[in-house]
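Now for the letters of each chain:
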Amino acid sequence: GATIALSTGTTLTTINANGISPLPTDALKIAVLRNADGTPSLGCDPAEYTNFPGGVAGMLVVTQRGTCARVARAIYGEMAGAAAVAMVTNGPGYPPFEGPITSNPDTGIPFTVTIPFLGVLLADGPTLVAADGGTGTLAATTIANPGFKAFASFSSAGPQDLNSALKPDIVAPGVSVQSTLIGSGTQGARFSGTSMATPHVAGIAALVREAHPSWTVAEVKAAILNTGSSDLVNGYLVRRGGTGVVQPIPATETNVIAYFNPGAVSLNLGFQELGQDFSQGAMLSITNKGTSPAQFDLTAASTPGSAPNTVTFSTASVRVRPGKTVSVVVTVNVPAATVGDSTPTSANRQAFRNVAGLVTLTPTDGSNSGVVLHVAYYLVPRALSNVQAVLNGQLSPGHRANVRLSNPATAIAGVADFYAWGLSSRRTTAGSNDLRAVGVQSIPVSATQSFLVFAVNTWNRWSTPSDNEFDIVIDTNGDGVPDFLVAGFDIGAILTGSFDGRYGSFVFALPNFDLVNARFAFAPTDSSTLLLPVRSDEIGLSVDNPRFAYMAAGYSLQDGSADIIPGVAMFNAFTPSITSGIAFVVPVGARGTVPVSIDASEWANTPALGLMIVILDNSAGRGEARLLAAG
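This one's a predicted model, so the numbers in the text were calculated from it and none came from an experiment. (Residues numbered from 1 in each chain as written. Predicted model: local features only at pLDDT ≥ 70, side-chain atom pairs only at ≥ 80, totals over all residues. Heavy atoms only, no water.)

Here we take up the overall build of the chain. Helix and strand counts for the chain stand at nine helices and 35 strands. When the 631 residues of the chain are sorted by exposure, 51% land in the buried category. When contacts within the chain are restricted to residue pairs at least 6 apart in sequence, those whose partners lie at least 24 apart make up 69%. Just so you have it, the chain exposes about 26,200 Å², and 55% of that area is on carbon and sulfur atoms. Here the chain holds 32 positive side-chain charges and 41 negative ones, and the gap between their average locations is 9 Å. (Helix = DSSP H or I, 4+ residues; strand = E, 2+ residues; numbered from the N terminus. Buried < 20%, exposed > 50% of the residue type's maximum accessible area, 1.4 Å probe, protein only. Contact = heavy atoms within 4.5 Å. Areas by Shrake-Rupley, 256 points an atom, 1.4 Å probe, with all protein chains shown as cover. Lys, Arg positive; Asp, Glu negative; His and termini not counted. Charge placed at Lys NZ, Arg CZ, Asp CG, Glu CD.)

Before going further, it helps to examine the state of the cysteines. As enumerated under the stated definition, the model contains one disulfide in all. Disulfide pairing is shown between C44 and C68; the S-S distance is 2.1 Å. Handedness here is read from the sign of the S-S torsion; for C44 and C68, about -80°, the answer is left-handed. Residue C44 is located in the loop between β3 (28-32) and α1 (46-50), and its partner C68 is located in the loop between β4 (60-64) and α2 (72-79); the two are separated by 24 residues in the primary sequence. According to the relative accessible area criterion, C44 is partly exposed, its value standing at 24%. (Disulfide = S-S within 2.5 Å.)

Moving on, we come to the environment of P576. Structurally, P576 is set in the loop between β31 (569-572) and β32 (583-586). Distance from P576 to E602, taken between C-alpha atoms, is 7.3 Å for residues 26 residues apart in sequence.

Here we come to the pattern of salt bridges. Under the defined criterion, the tally for this structure stands at 13 salt bridges. E624 is the salt-bridge partner of R382, the closest N and O atoms lying 2.6 Å from each other. A residue pair is termed long-range when its members are at least 10 positions apart, and R382 in strand β18 (residues 373-383) and E624 in the loop between β34 (610-614) and β35 (625-629) qualify at 242 residues. In terms of burial, R382 and E624 fall into one category: buried. Across the salt bridge formed by R535 and E538, the nearest N and O atoms sit 3.5 Å from each other. For R535, a relative accessible area of 27% puts it in the partly exposed group. Classification of E538 as buried rests on a relative accessible area of 4%. One continuous salt-bridge network, built from bridges that share partners, spans R519, R535, D537 and E538. (Salt bridge = Lys/Arg side-chain N within 4 Å of Asp/Glu carboxyl O.)

An order of β11-β18-β17-β13-β15 is seen for the five strands of this open sheet, with the pairing classed as mixed. In this open sheet, the two strands that pair with only one neighbour each are β11 (267-274) and β15 (317-320). If you compare each strand with its neighbour and ignore which way they point, the axes differ by 25° on average. Here β11 pairs with β18 via six bridges, running parallel. Along β18, the bridge assignment pairs F271 with V380. (Pairing = 2+ DSSP bridges. Axes fitted to C-alpha atoms, helices over the stretch in contact; angles between N-to-C directions.)

Taken across its 10 residues, helix α5 (residues 217-226) has seven buried, putting it largely inside the fold. For α5, every residue scored as buried is listed here: E219, V220, A222, A223, I224, L225 and N226. In this fold, the buried residues of α5 make contact with α4 (194-211), α7 (248-253), β10 (256-259) and β18.

The next point concerns the pairing of strand β5 (residues 84-88). Counted residue by residue, β5 has five buried out of five residues, so it is predominantly covered. Side chains A84, A86 and V88 project from β5 onto one buried face, and the interleaved V85 and M87 project onto a second face that is buried too. Two strands pair when backbone bridges link them, and β4 and β5 are joined in this way by five bridges, in the parallel orientation. Residue pairing across strands places T63 opposite M87, the latter belonging to β5. Following the backbone out of β4, through α2 and into the adjacent parallel β5, one traces a crossover that is right-handed. Of the pairings in the sheet, the one linking β5 to strand β6 (residues 117-120) comprises four bridges and is parallel in character. Bridging from a neighbouring strand, A86 pairs with L118 of β6. (Right-handed = clockwise from strand over helix to strand, strands pointing away.)

Within α2, seven of the eight residues are buried, which leaves it mostly tucked inside the rest of the structure. A72, R73, A74, I75, Y76, G77 and E78 are the residues of α2 that are buried. Buried residues belonging to α2 abut α1, β4, β5 and β6. Following α2 by one or two positions, G81 has its phi on the positive side, about 95°.

This brings us to the domain arrangement of the chain. Interface size, as often reported, equals the accessible area lost upon joining of the parts. The domain boundaries assigned to the chain delineate domain 1 (2-140), domain 2 (177-383) and domain 3 (388-629). On a C-alpha basis, the centroid separation for the pair domain 2 and domain 3 is 41 Å. On the domain 3 side, the residues contacting the 21 residues of domain 2 number 22 residues. Counting every contact that joins domain 2 to domain 3 gives one salt bridge. Listing elements by their share of the side of domain 2 that touches domain 3, those giving two or more residues are β11 and β18. (Domains from an automatic or database assignment.)

Set out below in structure tokens:
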């Protein structure tokens, strides 16, 4: 590690990511690379270093992590004459140790870095940036390595998009791994990522095939997955690590393989909406490829991060003769009410629900060379409410009406949230950006300010809202030209250049797309409805200018398709023309009536299609937004 003693009086502890020693002893002037808006830059363009006012020669250059290869910053900094480069990371803990930096992974161009490349904790970033123009003095230190045996910060997690199948199946070393490099003599190169993890697995597959030349590809795969070790991963999760770290010796020594599916090995139960308790059985096949009988005891256990579940077996122990296969029925049971809900709270805005665990086959009587086998099981559940909304009376100016709410025969309570329904569209594609309805509600904050929430409902479920961008285009002065954009987008993608699965509501002033504000959206996973909040003053509204027009569009980041919902809707942020901005919890089996009305004078200026009642825990698609037409 390395400390940076700042001229501001604070000392920061960093990781000396490329291990350069000795460190510079002189106080280094700090140069923070910045974007046009003044925020710290990613430092992914060499011109940022060479065009820095006065140059960066002899300085400690500060950048932000994201988008380009981490080590590219060290290369660009040294090429511009910097004495050191510091990168503020964008996640928990320190960035990885890189070891000697000998090339730029983004370009493949060789370059040996001889200056220190320092990794700065996210929490320390503002302190370092605030020292811009001051000095920092480096000194060697020793730091703990809590990331050892942990998942890499850049390692993706499952499940697969839409089908919710378990991925990855297995993990292998992939951070700062020293490997061979053509033309380097005995030097080699140190890289991170699947480029390093994959060769580990491929090499073990070759060893298994060498030990068992007649085994099929599916059998070799099963041996590798069966013998992964979850104990070797700190912070282990099935959806991030499959059965664990690959183990070459057990993989080659096992003569027995276990699988639910010859190709997938694991039990993938997919995505399930649960209106009642879940129970599903599957056949676990246990095949003995050896020459001696094998006997196992079967157990199962949930893994960290899983919703409560139990697993039962048709038999708790098996004996498998050589060359034979024994089948055991494995049943996964999940109480629907324990899965969790989508109640819109700050702690629950994007909670991901999964059921995950390992079936373990423990050999008895010394069989199978003592090798223990594991098979993962995985389910993505969504507990359901079944809130119904029926209009009684005529929903029009001058008439009385009420909405009858009920929640019959289901697993959990639901929250019925009332919006002014503004836009509607027919189903056109199977994509999760295919818009069905958009509405808005107003929640008074004070006499001069309101909090607006746009509800966006699609026809089809997404696994993660970050698959899409949803735009609300707003005209606040009535000239027919958009003045503001409220955009739903992945927070990491906008702020750091790297998607991180968190979904935000971003407010931009048009036409220059100046960022006005950003906050979390409420966007559940495995859903079809999200809520985009914005404060009235952020889009130019006031008591004297309360009305606005809006349009909506959805864009798929998977296939590039766009769905622009037809028409223009109107709304008054301070005096809505229709009942909205109220919400009711509807317990299982309960029913009740809510009076609703229309303000006739305001309706003439800002009519709506009717009421849009959002119930986030209802079935995805049309179930999550009950549409009650006015007229």
